[in-house]
Amino acid sequence: GRVAGAFILALFATGMVAETALLSARIAGRPRVSAAHLAFVWAVSTATISWFNNCFLASHTLNYILPTWMMLWFVRLVILTSERRLVGWRLALTAVFAILCGWMHEGCSAMLLGGLGLWIISRKFRVPAATWLVVATYLAPFMARHASANFSCGIDRSGIMFQAWP
């Protein structure tokens, strides 16, 4: 139990830090991630992660680290679609992944939608059809999740959770 939880935490946190380093290097125009850049990203991530009661719980990890990693990965996939580098089955998998990301965490999803909206506006709405498809498949589950104030869904330690409030 505890060893498996620690391993999952380490896997998700490592994925989140690595994706942050890869995405920030790409945005800065660097083809590779240096050791110094990776160390900096790790230090900033460690200092800014939301710590619950001075400890890091597995449930907290699933609620923050996994969605953050997924959103960062999704941003990279959106960039690839805007460069027309994802087509065919890769685009289809990206659309499925977009559905999972849009559904995963309402706070992360809302902020990323705002960022995507500003990015699309900054490009004067001139983005490829594949990018519109991926953004729409991200938006759809987000909107569906918020369509009913009495319904909540997410992932917890026991698996997928669906809850209806009276």
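Residues numbered from 1 in each chain as written. Predicted model: local features only at pLDDT ≥ 70, side-chain atom pairs only at ≥ 80, totals over all residues. Heavy atoms only, no water.

The next point concerns helix H1 (residues 2-27). Between its first and last C-alpha, H1 extends 37 Å over 26 residues, near the 38 Å set by a 1.5 Å rise per residue. Inspection of H1 places Phe12, Gly15, Met16, Val17, Glu19, Ala21, Leu23 and Ala25 among the buried residues, and these make up the whole buried set. Gly29 sits one or two residues past H1 and shows a positive phi near 85°. (Helix = DSSP H or I, 4+ residues; strand = E, 2+ residues; numbered from the N terminus. Expected span 1.5 Å × (residues − 1). Buried < 20%, exposed > 50% of the residue type's maximum accessible area, 1.4 Å probe, protein only.)

Relative to the helices and strands, Thr137 resides in helix H6 (residues 129-147). Polar side-chain contacts of Thr137 include one of 2.9 Å to the backbone oxygen of Val134. If we ignore the near neighbours within four places in the chain, the residues touching Thr137 are Ala95, Ala98 and Ile99. (Polar contact = N/O pair within 3.5 Å; in protein donor to acceptor, adjacent residues only side chain to side chain. Contact = heavy atoms within 4.5 Å.)

Where helix H5 (residues 106-122) meets H6, the closest approach of the two axes is 11 Å, and the angle between their N-to-C directions is 145°. When you trace H5 past H6, the crossing you get is left-handed. Along the contact surface, H5 presents Glu106, Cys108, Ser109, Ala110, Leu112, Leu113, Leu116, Trp119 and Ile120, while H6 presents Thr131, Trp132, Val135, Tyr138, Leu139, Phe142, Arg145 and His146. For the contact of H5 with H6, the residue count by class is 12 nonpolar, three polar and two charged. (Axes fitted to C-alpha atoms, helices over the stretch in contact; angles between N-to-C directions. Left-handed = near helix turned anticlockwise from the far one by under 90°. Nonpolar A, V, L, I, M, F, W, Y, C, P; charged D, E, K, R; others polar.)

With that settled, the discussion passes to a nonpolar patch on the surface. Together, Leu118, Ile121, Phe125 and Trp132 give the surface a local cluster of nonpolar side chains, amounting to about 440 Å² of exposed area. Locating Phe125 in the fold gives a position in the loop between H5 and H6. (Patch = residues over 30% accessible without salt bridge, like charges linked within 9 Å, V, L, I, M, F, W, Y side chains within 5 Å. Areas by Shrake-Rupley, 256 points an atom, 1.4 Å probe, with all protein chains shown as cover. Salt bridge = Lys/Arg side-chain N within 4 Å of Asp/Glu carboxyl O.)

According to the stated counting rule, one finds three salt bridges in the structure shown. As a salt-bridge pair, Glu83 and Arg26 come within 2.6 Å of each other at their nearest N and O atoms. With Glu83 in the loop between helix H3 (58-82) and helix H4 (88-104) and Arg26 in helix H1, this residue pair connects regions lying 57 residues apart in the sequence. Relative accessible area serves as the criterion here: at 30%, Arg26 is assigned to the partly exposed category. For the salt bridge of Arg85 with Glu83, the shortest nitrogen-to-oxygen distance reads 3.4 Å. On the basis of relative accessible area, Arg85 is assigned to the exposed category, the value being 52%. Residue Glu83 is classed as partly exposed on the basis of its relative accessible area, which comes to 38%.

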